[in-house]
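This is what each chain is made of:
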Amino acid sequence: MSTSTLTRPVPPVAPPKRRRRNTGPNGGGRDAWLLVLPALIPVVLFSVYPLMQGILLGFTDSKAGLNAVVSFNGLENYARLAGNELFWNSFRIGLVWAFGVTALQFLASLGLALLLNLDLKFRGVARTLALVPWAMPPVVIAIMWRLMLNPSYGPINEAMRTVGFPGDINWLGSFSTALPAVIVVGVWAGMPQTTITLLAGLQNVPAELHEAAAIDGAGVLHRFWHVTLPALRPIIVAITTLDLIWNFNSFALVFVLTAGGPGGQTMLPMLFAYNEAFRYGEFGYAAAMGNVMVIVISVFLFLYLRGQARSRLS
Amino acid sequence: MRQTTTTAAPMASGFAARRIGRPLQYVALACYVVFLGFPLLFLLLTAFKSSQELLSPNPTFLPESWNFDNFAGAIDKANLIRAATNSLIVAVLTTIIVTLISLPAAYALARFRTKLRTIATGWILLSQVFPFILIIIPLFLVLKQIGLINNLLGLVLVYTVWSLPFALWMLQGYVAGIPVELEEAGAMDGGSRLLILRRIVLPLLAPGLVATSLFTFIGSWNEFFFALVLIQDPKLQTLPLTLARFVGAEGQVQLGQLAAASLLATIPSLVFFAIIQRRLTSGLLSGAVKG
């Protein structure tokens, strides 16, 4: 579920090993369905069904308004999208954002997880701090960073002035800095899940492997590269995949930070589609964008996961 | 989280490496603490600064005098109480409903080997890939038809459906962690299934149930996108909506109030998160990663 809009929990990285299951005295199958039914009905009615409908809407000319007649218009929406430069631009920004945040998040989180896995003092403080963004509403995170990046009052400009740089940069308001600034905020907001998942993975790397490598004379870096990283690989693939999807579909953070501005420089695809749907009432068109987003993200995931599977085999 | 000794001390490559390594590690850790903690500290300090102070050309880091005007002002101006009440209603109802319907389903998923399990897992993963725009438009149309737009119940419905898959997944993990043997022993002693569930499973499941429901609560309390689309009436706005609107109207003078309101809105989920933190990081993952 949980969507990038509800708070995102750490994903279960691998399904728990099956325990011995009691199939029950009377078959179990029917019992199971009965127990699942109260959960199944709302999910089918209010998420599977609307999702199917949403995909279909992408092939219609549906618009907001009470009595609008909806008719299928085939691929017309997609032809329109193909010619819409703003849309392509938004897609490019979305990909830069998603890959940028995911990559930086991964590196930052891996570093932090490695530190937290050492026997350092104060690591409790760092661990708690690393978890806090998880509990904060994305809207509050955005507000907080608007304060941080505020051109006149914000401490970042203040610090730059102290060091002697021109400290009057409008981080979120100028063309060149808006997207990088937003990406930094995205990294901050998404670190908890990634860090905790990687830390859990690190703690499961068998110590014997390290000891064996150390006896063979491998240095710290060498062991990290040849022991830790390969052992972590499945977890790294899982969490970066999820991060990529979440980031590509994220909305609230950037909506509050910049609302897509300045001049569309941070107009993520989700914001673009939201505007089309609920500002201009172009339901069919917006749904078509959603469909394109699904396809694009699926293609990237497919390539990424296949690449990972291949290099594991070789 | 538990610090296991598995990889805690891989630094066997001699004293030299350690002597250089340790300080560097502390420097790196300090950088992380600043990066993660400074924005929080700054938000906290801003909330206590007076408007004159915020306007001053030479701002000081600490507030000159700690005052609570911003909190009072924010509560007053932004209708924080009303928004918090709306958020509370939605989050509590969602949590209750999700817990009630996911409990039996989680039990079934964990204990019976059926196709349901595969389908449920598939759906959880699949539902991540689809952007919300695809689901919100038809949902908006449906809810409009049955009069649940601009209605907190409509929001509860949407949150319930979207919290369910993950709540289910978490809960079934906790159920799977309860040894089946306990139930079998109960059955041997002649207990009915219902009695076994109530006397044996439920008490053991309680911590997991608490964690799952708090998680659902935080999710609904923090949620923004669905609320933005489904609630237009200012009287029905939830906290994130109210805060986001407040942002648009921010002048230099309002920064303090904005910070104060943000802090207040974060407190409930922070408190709840502190309660489940340990369980989330160790419990959930020990089930998920180690198997």
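### Brief notes about the overall build of chain A
Helix and strand counts for chain A come out as 12 helices and zero strands. Sequence-ordered secondary structure for chain A, helices as α and strands as β, is α-α-α-α-α-α-α-α-α-α-α-α. Out of the 314 residues belonging to chain A, those deemed buried represent 57%. Residue pairs in contact within chain A that sit at least 24 positions apart in sequence constitute 67% of those at least 6 positions apart. Here chain A displays about 13400 Å² of accessible surface, and carbon together with sulfur accounts for 67% of that area.

### Comments concerning the overall build of chain B
On a plain count of helices and strands, chain B comes out with 12 helices and zero strands. Each helix and strand of chain B, ordered N terminal to C terminal, gives the series α-α-α-α-α-α-α-α-α-α-α-α. The buried share among the 291 residues of chain B stands at 54%. When contacts within chain B are restricted to residue pairs at least 6 apart in sequence, those whose partners lie at least 24 apart make up 72%. Summing over all exposed atoms, chain B offers an accessible surface of approximately 12400 Å²; the carbon and sulfur share of this is 69%.

### Side note on the confidence of the model for chain B
In this model, chain B carries an average pLDDT of 81, and 85% of its residues clear a pLDDT of 70 or more. Confidence drops under a pLDDT of 50 for residues 283-291 of chain B, and excluding neighbours within four residues, the segment shows 24 contacts in the predicted structure.

### Looking at helix α6 (residues 132-145) of chain B
All names here are of chain B. Here α6 contains 14 residues, and its C-alpha end-to-end distance of 20 Å stays within 8% of the 20 Å for a straight helix at 1.5 Å per residue. Most of α6 is tucked away: 10 of the 14 residues are buried. For α6, the complete set of buried residues consists of F132, I133, L134, I135, I136, I137, P138, L139, F140 and L143. Just past α6, the residue G147 takes up positive phi, approximately 75°.

### Some words on helix α3 (residues 69-77) of chain B
Residues and elements named next belong to chain B. All of the buried residues in α3 are N70, F71, G73 and A74. End-on view of α3: buried residues confined to an arc of 165°, all on one side of the axis. α3 presents D69 and D76 as exposed residues on the side facing more than 90 degrees away from its buried surface. Immediately beyond the C-terminal end of α3, within one or two residues, lies N79, with a positive phi of roughly 55°.

### Considering a nonpolar patch on the surface
Residue and element names in this part refer to chain B. On the surface, L88, I89, V92, L93, I96, I97, L100 and L153 cluster together into a nonpolar patch covering about 670 Å² of accessible area. Here the nonpolar patch takes seven residues from helix α4 (residues 80-111), the largest share from any one element. By the element assignment, L93 lies in helix α4. On the basis of relative accessible area, L93 is assigned to the partly exposed category, the value being 32%.

### Considerations on unusual backbone geometry
At A259 of chain A, a residue that is not glycine, the phi angle is positive and equals roughly 55°. Position of A259 of chain A among the secondary structure elements: in the loop between α10 (252-257) and α11 (269-279). Relative accessible area serves as the criterion here: at 45%, A259 of chain A is assigned to the partly exposed category. Here the phi dihedral of N150 of chain B falls at roughly 60°; this positive angle occurs in a residue that is not glycine. If you trace the backbone, N150 of chain B turns up in the loop between α6 and α7 (152-176).

### What about the pattern of salt bridges?
Residue and element names in this part refer to chain A. A full pass over the atoms with the stated rule returns five salt bridges over all chains. In this structure, K63 and E282 form a salt bridge, with 3.7 Å as the shortest nitrogen-oxygen distance. One end of the pair, K63, is in the loop between α1 (29-57) and α2 (76-82); the other, E282, is in the loop between α11 and α12 (283-313), and 219 residues separate them in sequence. The class for K63 is partly exposed, based on a relative accessible area of 42%. We classify E282 as buried; its relative accessible area is 16%.

### Brief notes about the confidence of the model for chain A
Residues and elements named next belong to chain A. Looking at chain A, pLDDT values average 84 and 89% of them are 70 or higher. Model confidence for chain A, summarised as mean pLDDT per element, is weakest for helix α8 (residues 207-215) at 82 and strongest for helix α3 (residues 85-116) at 94. Note on residues 11-27: pLDDT under 50 across the span, and 44 contacts to partners over four residues away in sequence or across chains.

### Section: the packing of helix α4 (residues 123-135) of chain A against helix α7 (residues 175-203) of chain A
All names here are of chain A. For the pair α4 and α7, the least separation of the axes is 7 Å and the interaxial angle reads 115°. Here α4 runs over α7; the crossing is left-handed. Side by side, α4 and α7 meet where A130, L131, P133 and W134 of the first sit next to W188, A189, P192, Q193 and I196 of the second. For the contact of α4 with α7, a count of residues per class yields eight nonpolar, one polar and no charged.

### Quick look at the packing of aromatic side chains
Under the definition given, this model contains 34 aromatic pairs over all chains. When the ring of F225 of chain B is compared with that of F226 of chain B, the centres are 5.9 Å apart and the planes differ by 50°; the resulting orientation is tilted. Each member of the pair F225 of chain B and F226 of chain B is classed as buried. A cation over an aromatic ring shows up here: R80 of chain A above the ring of Y285 of chain A, its NZ or CZ 3.9 Å from the ring centre.

What counts, and at which threshold
- Residues numbered from 1 in each chain as written.
- Chains lettered and ligands numbered in written order.
- Predicted model: local features only at pLDDT ≥ 70, side-chain atom pairs only at ≥ 80, totals over all residues.
- Heavy atoms only, no water.
- Helix = DSSP H or I, 4+ residues; strand = E, 2+ residues; numbered from the N terminus.
- Buried < 20%, exposed > 50% of the residue type's maximum accessible area, 1.4 Å probe, protein only.
- Contact = heavy atoms within 4.5 Å.
- Areas by Shrake-Rupley, 256 points an atom, 1.4 Å probe, with all protein chains shown as cover.
- pLDDT = per-residue confidence, 0-100.
- Expected span 1.5 Å × (residues − 1).
- Arc of directions from axis to C-beta.
- Patch = residues over 30% accessible without salt bridge, like charges linked within 9 Å, V, L, I, M, F, W, Y side chains within 5 Å.
- Salt bridge = Lys/Arg side-chain N within 4 Å of Asp/Glu carboxyl O.
- Axes fitted to C-alpha atoms, helices over the stretch in contact; angles between N-to-C directions.
- Left-handed = near helix turned anticlockwise from the far one by under 90°.
- Nonpolar A, V, L, I, M, F, W, Y, C, P; charged D, E, K, R; others polar.
- Phe/Tyr/Trp six-rings, centres within 6.5 Å; stacked < 30°, edge-to-face > 60°.
- Lys NZ or Arg CZ within 6 Å of the ring centre and 35° of its normal.

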